[in-house]
Amino acid sequence: MEANTRPEPTVFVIFGAAGDLSWHKLIPALYSMFVDHWLPEKFLIIGTGHRRLQEDEFRSHLKAGVEKYARRTMTEEDWSRFAVHLSFMTADLEKPEVFVELARKLADQDREWNARANHIFYLGLPPGMVEPVARELARVKINLDRQRSRIVVEKPFGRDLDSARALNRSLTDLFHESQIYRIDHYLGKETVQNIMAFRFANTLFEPVWNRNYIDHVQITVAESEGVGNRGHYYDQSGALRDMIQNHLLQILCLIAMEPPVSFSADEIRNRKVDVLHAIRPITPGMVQTCAVRGQYGAGWIESQPVDPYRVESNVAPDSATETFAAVKLLVDNWRWQGVPFYLRTGKRLPAKISEVSIQFRPVPHQPFPATAVMEARPNRLLFAIQPEEGLLLRFEAKYPGPTMRLSPVIMQFFYREAFKSTPPEAYETLLLDVMLGDATLFMRADQTEAAWEVLAPILSLWGTGQPTDFPNYQAGTWGPEAAETLLAQDGRNWIMPTFLQCQEDTAVCRVTMVQT
Ligand code: BG6
């Protein structure tokens with residue numbers, strides 16, 4: 001994101017604007033951006049949806065979402081100033097005349113503003129609708145301005161390698177690659193971006209960022225929620241497609257990438273895609289030993305009983321969809337040879353928590369007496385992504401007293417303490433970038449395909465062999481037994497997330513990290 005830059009006049013068209021994404025994420029993000037003066041003065045949101053909604057109905061529906069989810073507190077005054085920028089268009093997207101009308105609206109708006117505005121088309125639509133809508137936009141020629149016309153495509157970007165390739169081919173026939181913004185909201189999270197700042201703006205860490213010093217890396221993205229009202233989508237998707245293919249692999253890329261020469265979008269994306277290409281291909285025979293799937297049964301979350309996945313709404317009663325996935329990946333290059341990256345994600349785990357742990361090797365020689373090192377632990381660096389946003393480094397210190405005794409201690413940095421401000425929501429950062437035409441934090445066509453390629457053998461095996469043991473983990477636990485075995489076979493174990501017990505009491509979280 002370019003600091004202190006306000007975008008040019010912009011019309012932001014949301015397809016599927018009456019849906020959950022708009023209510024929950026997009027409009028609350030745009031509202032906070034508006035309150036913080038990030039939006040241009042000439043700014044219009046056109047929401048489209050197939051329901052017949054009056055403009056004021058549309059606005060009051062969105063207002064409730066802003067009240068609940070926006071980073072900036074909703075005040076009546078700010079809402080009224082914001083709401084005048086919101087309009088609604090009832091649109092059956094199968095009807096070509098809808099797009100003619102849209103093109104006319106855009107042209108009228110340009111005339112009224114006496115400006116050539118950015119036209120951003122946000123496709124928050126079911127996957128099958130993306131290509132047809134892009135085609136209609138092209139048919140009425142609102143795709144032609146390469147500088148100002150952009151489409152934003154939400155995940156899932158395809159459901160496997162072949163469908164992602166086909167979608168990329170169609171979209172790049174209609175729009176130039178530089179106009180296509182494939183969104184992965186994890187890349188907009190402050191701590192995820194901070195991985196690059198941390199690695200490439202400091203001299204301290206890069207020299208040890210390799211196989212000689214790092215034993216392994218763990219990436220955990222856990223959620224305590226179930227599938228909620230998204231069963232319809234999720235049951236066709238599952239944890240591997242929904243989370244690992246995009247969010248977790250992108251985090252892995254940021255941890256493992258080589259230092260970029262510049263901060264240009266293509267340079268960063270080249271370095272990231274290099275990592276995906278270097279991931280050791282998983283052969284069908286390896287799937288058993290490097291991937292684990294699970295599905296939650298009934299259990300308890302925060303002392304409340306919760307239902308098994310198979311009874312959630314819009315989920316098949318004999319569903320074989322995984323709600324938990326863990327994989328072990330190896331990156332075959334000079335820097336990372338032999339260093340495993342363990343990734344896990346799941347729904348109905350004990351807490352909503354995302355963390356990356358870099359586990360360093362033990363010191364090569366321990367000169368201290370055995371009594372001194374009883375509590376000694378190898379260094380560990382932790383990127384806390386959510387709910388806390390920060391960094392923690394565990395190292396050894398001498399315990400105060402007359403004898404030599406080592407004890408692990410934590411050095412920590414928290415965003416909220418250091419900068420005394422709440423970081424923007426990921427969607428705010430990303431929407432601003434789209435308006436500014438900065439694609440650094442978005443996925444390029446080759447990245448999405450390379451990510452599918454990494455997981456293709458697992459998807460294919462899981463797609464054919466029905467699991468016989470589902471449900472195989474109780475809601476409120478850390479996933480199936482086999483996830484433990486995945487690391488135990490390498491003599492390791494999952495690190496208990498550091499912030500599990502510490503949303504209010506950081507002293508407790510210090511202890512948790514020190515002990516594990
Ligand atoms: C989305 C997935 O991409 O990310 C959801 O489709 C998941 O299933 C969500 O719940 C998690 O995002 P966050 O920002 O809440 O961690």
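Here the structure is a predicted model, which is why all the values come from computation and not from measurement.

Peer 1: Explain the overall build of the protein residue by residue, including any values.
Peer 2: Within the protein, the secondary structure is distributed over 16 helices and 17 strands. Seen through its C-alpha atoms, the protein measures out along the principal axes to roughly 80 × 50 × 45 Å. A total accessible area of about 22600 Å² is found for the protein, and carbon and sulfur atoms account for 52% of it. The distance from the centre of the 55 positive side-chain charges to the centre of the 64 negative ones in the protein is 3 Å.

Peer 1: Just give me the short version of the layout of surface pockets, but keep the residues and values in it.
Peer 2: Computed from the structure, the second largest pocket encloses a volume of approximately 490 Å³. Residue lining of the second largest pocket: 19 residues in total, with F360, R361, P362, V363 and N379 positioned closest to the centre. Per-element accounting of the lining of the second largest pocket gives the leading share, three residues, to strand 15 (residues 390–398). Its residues assigned to classes, the lining of the second largest pocket shows 13 nonpolar, three polar and three charged.

Peer 1: Quick one: what's the story with the nonpolar core, residue by residue and with numbers?
Peer 2: Grouped together as the largest cluster of nonpolar side chains are 158 residues, with contacts concentrated most on F15, L30 and L252. Excluding residues that lie within four positions of it along the chain, L30 makes contacts with F12, L39, F43, I45, F82, L431 and M435. L382, A384, L392 and I410 belong to the second largest nonpolar core, which has five residues in total.

Peer 1: Please provide a residue-by-residue account of the site of the ligand, values included.
Peer 2: What surrounds the ligand is the set K155, H185, Y186, K189, E223, R230, D242, M243, H247, K347, K352 and Q386. Within the side chain of Y186, an N or O atom sits 2.5 Å from an oxygen atom of the ligand. In the complex, 84% of the free accessible area of the ligand, which totals 390 Å², lies under the protein chains. With three residues, the single largest contributor to the shell around the ligand is helix 9 (residues 239–256). Counted by class, the shell around the ligand contains two nonpolar, three polar and seven charged residues.

Peer 1: Just give me the short version of the environment of Q386, but keep the residues and values in it.
Peer 2: Mapped onto the elements of the fold, Q386 is located in strand 14 (residues 380–386). For Q386, a relative accessible area of 13% puts it in the buried group. For the pair formed by Q386 and K189, sequence separation is 197 residues and the distance between their alpha carbons is 9.0 Å. Once residues within four sequence positions are removed from consideration, Q386 is found in contact with Y186, K189, K352, I353 and S354.

Peer 1: Explain the sheet that holds strand 17 (residues 473–475) residue by residue, including any values.
Peer 2: The strands that make up a sheet are held in pairs by hydrogen bonds between backbone atoms, and each pair lies either parallel or antiparallel. Taking strand neighbours across the sheet as the criterion, the three strands line up as 10-9-17 in an open arrangement whose pairing is mixed. For this open sheet the edge positions go to strand 10 (304–306) and strand 17, each flanked by a neighbour on one side alone. Strand after strand, the sheet turns through a mean of 25° between neighbouring axes, direction not considered.

Peer 1: An account of the packing of helix 5 (residues 127–139) against helix 6 (residues 161–174) is requested, with residue identities and associated values reported.
Peer 2: Taken N-terminus to C-terminus, the directions of helix 5 and helix 6 make an angle of 10°; their axes are 9 Å apart at the nearest point. Judged by the inter-axis angle, helix 5 sits roughly parallel to helix 6. On the side of helix 5, the interface is formed by V130, E131, A134, R135 and A138, while helix 6 contributes L167, S170, L171 and L174. Within the contact of helix 5 with helix 6, the residues separate by chemical class into six nonpolar, one polar and two charged.

Peer 1: Describe empty space enclosed by the protein, naming the residues involved and giving the relevant values.
Peer 2: For the coordinates displayed, the defined rule picks out two cavities of 30 Å³ or more. Within this model, the largest cavity holds a volume of roughly 60 Å³. As for the largest cavity, its lining consists of V153, E154, K155, F157, R182, I183, D184, Q245, N246, M443 and T448. Within the lining of the largest cavity, the residues separate by chemical class into four nonpolar, three polar and four charged. For the second largest cavity, the calculated volume is near 50 Å³. Lining the second largest cavity we find Q218, T220, R344, E355, S357, I495 and P497. Looking at the lining of the second largest cavity, the elements with two or more residues in it are strand 7 (214–222) and strand 13 (353–360). For the lining of the second largest cavity, the class distribution of residues is two nonpolar, three polar and two charged.

Quick notes on the rules
Residues numbered from 1 in each chain as written. Predicted model: local features only at pLDDT ≥ 70, side-chain atom pairs only at ≥ 80, totals over all residues. Heavy atoms only, no water. Helix = DSSP H or I, 4+ residues; strand = E, 2+ residues; numbered from the N terminus. Areas by Shrake-Rupley, 256 points an atom, 1.4 Å probe, with all protein chains shown as cover. Lys, Arg positive; Asp, Glu negative; His and termini not counted. Charge placed at Lys NZ, Arg CZ, Asp CG, Glu CD. 1 Å grid on protein atoms, 1.4 Å probe; cavity = no way out; pocket = protein on both sides within 12 Å on 5 of 7 lines; lining within 4 Å. Points joined across faces, edges and corners; volume = space filled by probe spheres on them. Nonpolar A, V, L, I, M, F, W, Y, C, P; charged D, E, K, R; others polar. Core = buried A, V, L, I, M, F, W, Y, C linked by side-chain atoms within 4.5 Å. Buried < 20%, exposed > 50% of the residue type's maximum accessible area, 1.4 Å probe, protein only. Contact = heavy atoms within 4.5 Å. Near = heavy atom within 4 Å. Polar contact = N/O pair within 3.5 Å; in protein donor to acceptor, adjacent residues only side chain to side chain. Pairing = 2+ DSSP bridges. Axes fitted to C-alpha atoms, helices over the stretch in contact; angles between N-to-C directions. Parallel < 35°, antiparallel > 145°, perpendicular 65-115°, else oblique.

Everything listed here is a matter of geometry and, on its own, says nothing about what the molecule does.
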